[in-house]
Amino acid sequence: MGVLARADADAIATRLADAPALPRHIRLRGPETGLVMTRGRQGGDGAPFNLGEMTVTRCSVRLADGAVGHAYVAGRDARQAELAAVLDAALQDPARRPVLLATVIEPLAEAQAAHAAREAAKAAATRVEFFTMATMR
Amino acid sequence: MAYVAVKGSERAIEAAHAWLAEERRGDPALPELSLAQIEGQLGLAVDRVMAEGACHDRGLAALAVKQARGDLIEAAFLLRAYRTTLPRFGASRPVETGGMRIRRRISATYKELPGGQVLGPTFDYTHRLLDFALAAEGSVPEPAPEAATDAAAMPRVTGLLAQEGLMAPEPPSEVEPRDLTREPLDFPAERPLRLQALARGDEGFLLSLGYSTQRGYGNAHPFVGEIRMGAVTVEFEPPELGFPIEIGEITVTECQMVNQFAGSKTELPQFTRGYGLVFGQGERKAMAMALVDRALRAAELGEPVEAPAQDQEFVLYHCDNVEATGFVEHLKLPHYVDFQSELEKIRLLRREAGGE
């Protein structure tokens, strides 16, 4: 679900085009956009506090075979939430799971990891070595 | 003082709004700004609106900036108003800033620290000279250099001090924090409630208050223990699932200010922390928040409460720019009846004083 929450609808749809067709689904709830109060901790590791809200879109679906899927994804992309809910339901089917993991989830996860690695590499290029001047206090 | 309802002038108001729309668009011969351009190229304005609007959504914040013609307080106001139209699904687990995907991480207290210092995309060390190359459009900068990464962990500086017993630890707690958006502020306000108010507080107001603590209004000797900026994963436990799931990633900036504490009868001298955490890339705000957070802990740490930045009511009642602008700007509304009575009173006083 974390992978689908980080992917946009177009990226998910593109990967799904390479996967076997999913069964039809009906919407049980949503997609609807609401808010989740994001929390931090005082001092980074102490008592929780409310940092501020974020938009989140949720969707629940049922596939023709009866499996129910849920999704909560950051942002307001209804199509992303619905695709994620459908995939959540389909991934519960042991027969479909391996091929969906291989054609949808893993490629998306690889793309996200590559993006994170590029960012980490840029950050690494800005790593500094400060020298303290002997005459400075 | 009170304002009164007035009627009429609908056509004038419509005309004013039509003119506003025209001014917002500017010269129609020039291309219109897209939300993607605002989000991408005015990213720090977008981040500030999210922080002070207390709602993380870069697209909505970009729309608010566009609608407000770049007036960031008006934009935060628009975002606050919009959020009231949405249902609340619940609260996230506290974000784990120790596990942040770091884009920037610096310390002013340790030259060398595990994981190193990473400048990230910063204005620091730029010359602050206007760059006229940016005035000539059409240039695309070279891609930023990349370097090999090592997997070294980046532990918090406050953790390093805590290991030696030199930093007062944060008591572990899972107490459900009170929520300013659900209940009115009352005093004394506990630290989690204060941090919520500061996180959505006005950057300029907190910057000035933080600055005042450095200049002697409140006894502060702060060091930047650490500033880190990057992406954190947000986890949320939907009631229908009963276990937490990752719902996305957000960028936050965190600042740990390290401050002296003289100790007390029961405690040895040690450092204490002021804490800042804001949505997006907002380093100045995070630093100011951390300074003010520490100043507001004066009473808890047995220090005299003498300066404005240490006064809970003063800080928390006045740090919200949406509330502040509402009350200041309401003075523009018709106060004709009130002012009539003031006029009559002042004329009477002048007659009595023999002036007329």
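Quick note: structure is the one above.
All residue numbers refer to position in the chain's written sequence, counted from 1. Naming scheme: in the order in which they are written, chains are lettered from A and ligands are numbered from 1. Given that the model is predicted, a residue must reach a pLDDT of at least 70 before its local features are reported, and side-chain atom pairs must reach 80 or more before they are shown or counted; all residues, however, enter totals for whole chains, interfaces and linings.

Student: Got a sec to walk through the overall build of chain A? Specific residues and values, please.
Tutor: Runs of E in the DSSP output that reach at least two residues are strands. Runs of H or I that reach at least four are helices, and both are numbered from the N terminus. Within chain A one finds four helices and four strands. When the helices and strands of chain A are placed in sequence order, the string is α-α-β-β-β-α-α-β. Only the C-alpha atoms count toward the radius of gyration. The rule for a globule is 2.2 Å times the residue count to the power 0.38. A globule of 137 residues ought to have a C-alpha radius of gyration of about 14 Å, yet chain A, at 20 Å, is considerably larger. Across its three principal axes, chain A shows a C-alpha extent of roughly 75 × 35 × 25 Å.

Student: Tell me what's going on with the interface of chain A and chain B, and back it up with residues and numbers.
Tutor: Counting residues at the interface gives 49 residues for chain A and 65 residues for chain B. Broken down by secondary-structure element, the contributors of at least two residues to the side of chain A that touches chain B are helix H1 (2-6), strand S1 (25-41), strand S2 (48-63), strand S3 (68-74), helix H4 (97-125) and strand S4 (127-128) of chain A. The element that contributes the greatest number of residues to the side of chain A that touches chain B is S2 of chain A, accounting for 10 residues. When the residues that make up the side of chain A that touches chain B are grouped by side-chain class, the tally is 22 nonpolar, 16 polar and 11 charged. Here, strands pair whenever DSSP counts at least two bridges between them. Note: S2 of chain A against strand S1 (residues 55-56) of chain B, two bridges, orientation parallel. Two residues qualify as a contact pair if the distance between their C-beta atoms, derived from the backbone, is within 7 Å. Just so you know the grouping, Ala, Val, Leu, Ile, Met, Phe, Trp, Tyr, Cys and Pro go in nonpolar, Asp, Glu, Lys and Arg go in charged, and all remaining residues, Gly too, go in polar.

Student: Account for the pairing of strand S5 (residues 223-236) of chain B, with residues named and values stated.
Tutor: Residues and elements named next belong to chain B. The pairing of strand S3 (residues 101-106) with S5 spans five bridges and is classified as antiparallel. Pairing of Arg 101 across the sheet is with Ala 231, part of S5. Bridge analysis of S5 against strand S6 (residues 245-259) gives 13 bridges, and the strand direction is antiparallel. Looking across to S6, one finds that Phe 236 is bridged to Ile 245.

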